[in-house]
Amino acid sequence: MPMGEDPLRPESLPRHVAIIMDGNGRWAERRGLSRVEGHRAGKEAVTQVVKAAGELGIEVLTLYAFSIENWNRPQSEVTELMRLAERFLEEELPEVMEQDIQVRAIGRLDRLPPNVRARVEHAVEKTRDNASLKLVFALSYGGRAEIVDAARRILRDAEMGRVDAEALDEKTFASYLYDPELPDPDLMIRTGGEERVSNFLLWQIAYSEIYVADVMWPDFGAESLRAAIVDYQGRERRFGLTSAQVSGGPTGSKGS
Ligand code: FPP
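Residues numbered from 1 in each chain as written. Predicted model: local features only at pLDDT ≥ 70, side-chain atom pairs only at ≥ 80, totals over all residues. Heavy atoms only, no water.

Here we look at the sheet that holds strand β3 (residues 102-106)
Here is step 1 of the chain: Strand order in the open sheet formed by six strands is β3-β4-β2-β1-β5-β6, and the pairing between neighbours is parallel. Each edge of the open sheet carries a strand with a single partner, namely β3 and β6 (209-212). Direction aside, neighbouring strands of the sheet carry axes that sit 20° apart on average.
Here is step 2 of the chain: The sheet contact formed by strand β5 (residues 187-190) and β6 spans four bridges and is parallel. Looking at β6, one finds that arginine 190 is bridged to valine 212. (Pairing = 2+ DSSP bridges. Helix = DSSP H or I, 4+ residues; strand = E, 2+ residues; numbered from the N terminus. Axes fitted to C-alpha atoms, helices over the stretch in contact; angles between N-to-C directions.)

Side note on the pattern of salt bridges
Here is step 1 of the chain: One pass over the structure, following the stated rule, counts 27 salt bridges.
Here is step 2 of the chain: Between glutamate 91 and lysine 43 there is a salt bridge, and its shortest N-O distance comes to 3.0 Å. Here lysine 43 lies in helix α2 (residues 35-56) and glutamate 91 lies in helix α3 (residues 75-91), a separation of 48 residues in the sequence.
Here is step 3 of the chain: For lysine 51, the salt bridge identified is with glutamate 55, shortest N-O distance 3.4 Å. Placement of both lysine 51 and glutamate 55 in helix α2 is noted, with a separation of four residues, approximately one turn of the helix. (Salt bridge = Lys/Arg side-chain N within 4 Å of Asp/Glu carboxyl O.)

Let's talk about unusual backbone geometry
Here is step 1 of the chain: Residues other than glycine seldom take positive phi values, yet aspartate 100 does so here, at roughly 60°.
Here is step 2 of the chain: Tracing the chain through its elements places aspartate 100 in the loop between α4 (93-98) and β3.
Here is step 3 of the chain: The exposure class of aspartate 100 is partly exposed, given its relative accessible area of 29%.
Here is step 4 of the chain: Not every positive phi belongs to a glycine, and serine 198 is a case in point at roughly 50°.
Here is step 5 of the chain: Within the secondary structure layout, serine 198 lies in the loop between β5 and β6. (Buried < 20%, exposed > 50% of the residue type's maximum accessible area, 1.4 Å probe, protein only.)

Observations regarding the confidence of the model for the protein chain
Here is step 1 of the chain: Looking at the protein chain, pLDDT values average 94 and 95% of them are 70 or higher.
Here is step 2 of the chain: Predicted confidence for residues 251-256 stays below pLDDT 50, and this span has 10 contacts to residues more than four positions away or in other chains. (pLDDT = per-residue confidence, 0-100. Contact = heavy atoms within 4.5 Å.)

Some points on the pairing of β5
Here is step 1 of the chain: Taking every second residue as pointing to the same face, both faces of β5 are buried, with Leu187 and Ile189 on one and Met188 and Arg190 on the other.
Here is step 2 of the chain: Where strand β1 (residues 16-20) lies against β5, four bridges are found, and the strand directions are parallel. Within β5, the position partnered with alanine 18 by the bridge is methionine 188.

Here's the deal with the site of the ligand
Here is step 1 of the chain: Around the ligand lies a shell of 17 residues, among which Met21, Asp22, Arg26, Arg35 and Arg73 are the nearest.
Here is step 2 of the chain: For the shell around the ligand, a count of residues per class yields six nonpolar, six polar and five charged. (Near = heavy atom within 4 Å. Nonpolar A, V, L, I, M, F, W, Y, C, P; charged D, E, K, R; others polar.)

Remarks on the packing of aromatic side chains
Aromatic rings considered in pairs are described by the distance between their centres and by the relative angle of their planes.
Here is step 1 of the chain: In the structure shown here, the tally under the stated rule is nine aromatic pairs.
Here is step 2 of the chain: Between the aromatic rings of phenylalanine 173 and tryptophan 203, the centroid separation amounts to 4.8 Å while the plane-to-plane angle is 15°, which identifies the pairing as stacked. One end of the pair, phenylalanine 173, is in helix α7 (residues 170-174); the other, tryptophan 203, is in the loop between β5 and β6, with 30 residues separating them in the sequence.
Here is step 3 of the chain: Residue tryptophan 203 is classed as partly exposed on the basis of its relative accessible area, which comes to 27%.
Here is step 4 of the chain: With centroids separated by 5.6 Å and ring planes inclined at 55°, the aromatic side chains of tyrosine 207 and phenylalanine 239 adopt a geometry described as tilted. With tyrosine 207 in the loop between β5 and β6 and phenylalanine 239 in the loop between α8 (222-233) and α9 (243-248), this pair connects stretches of sequence that are 32 residues apart.
Here is step 5 of the chain: Here tyrosine 207 falls in the partly exposed class, since its relative accessible area comes to 47%. (Phe/Tyr/Trp six-rings, centres within 6.5 Å; stacked < 30°, edge-to-face > 60°.)

Listed below in structure tokens is the structure:
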């Protein structure tokens, strides 16, 4: 590559980037700080990465902000994480509007404290018509819970005669997920170095490229996001086909 050339190719960006924001606790512990301090620094990283994703022209950014399993953390940590999510949505809303970002949320939102839920609903409503980045918060989210919730609604619809068991296919099933309008993630990033999926978007990541960054989430910024995308752009996505089929053209399309 000639000196000064940017290796990121804007014409082949991932449409949907999903991030498991891990490592706040370890980031804090290494500095002799409390875990909560790590989450506070994590909130600043969220602001930076959202801005960077918008500027790059990413279509969808999904952030794993709070998993269903996170409800089992010490109450003080849960309270702080809820407070940070609420504060982010409150403080950043003007900037989010300015950047034309549309906020969405997936998860068992009915479990959120009423003030947090109200804040989420307000942000979703207020940004509904924004047309640049779709910023999706996974809150009280579990991939298995999402699949179970979809199955429950399918069973209810079947009882009403709206779905037929024999006709149920992947497309119909996917239409019952929390936010069926979103494309599947092309790139799933996990920070903090662990190589696990941790119950995140289990249905949707069937063919996602996975990128594990060794940096802890509070240190992940615009440059790290670019590095992940450049790495993604160097991969060959095969969707179950052979390499020759993919490079050969017509049979290389997704879903075939
Ligand atoms: C994992 O770090 C991170 C979380 C459990 C939650 C992510 C939360 C934030 C980034 C805070 C701000 C959120 C919003 C929506 C503004 P960990 O505590 O599991 O880290 P560890 O593996 O090092 O212990």
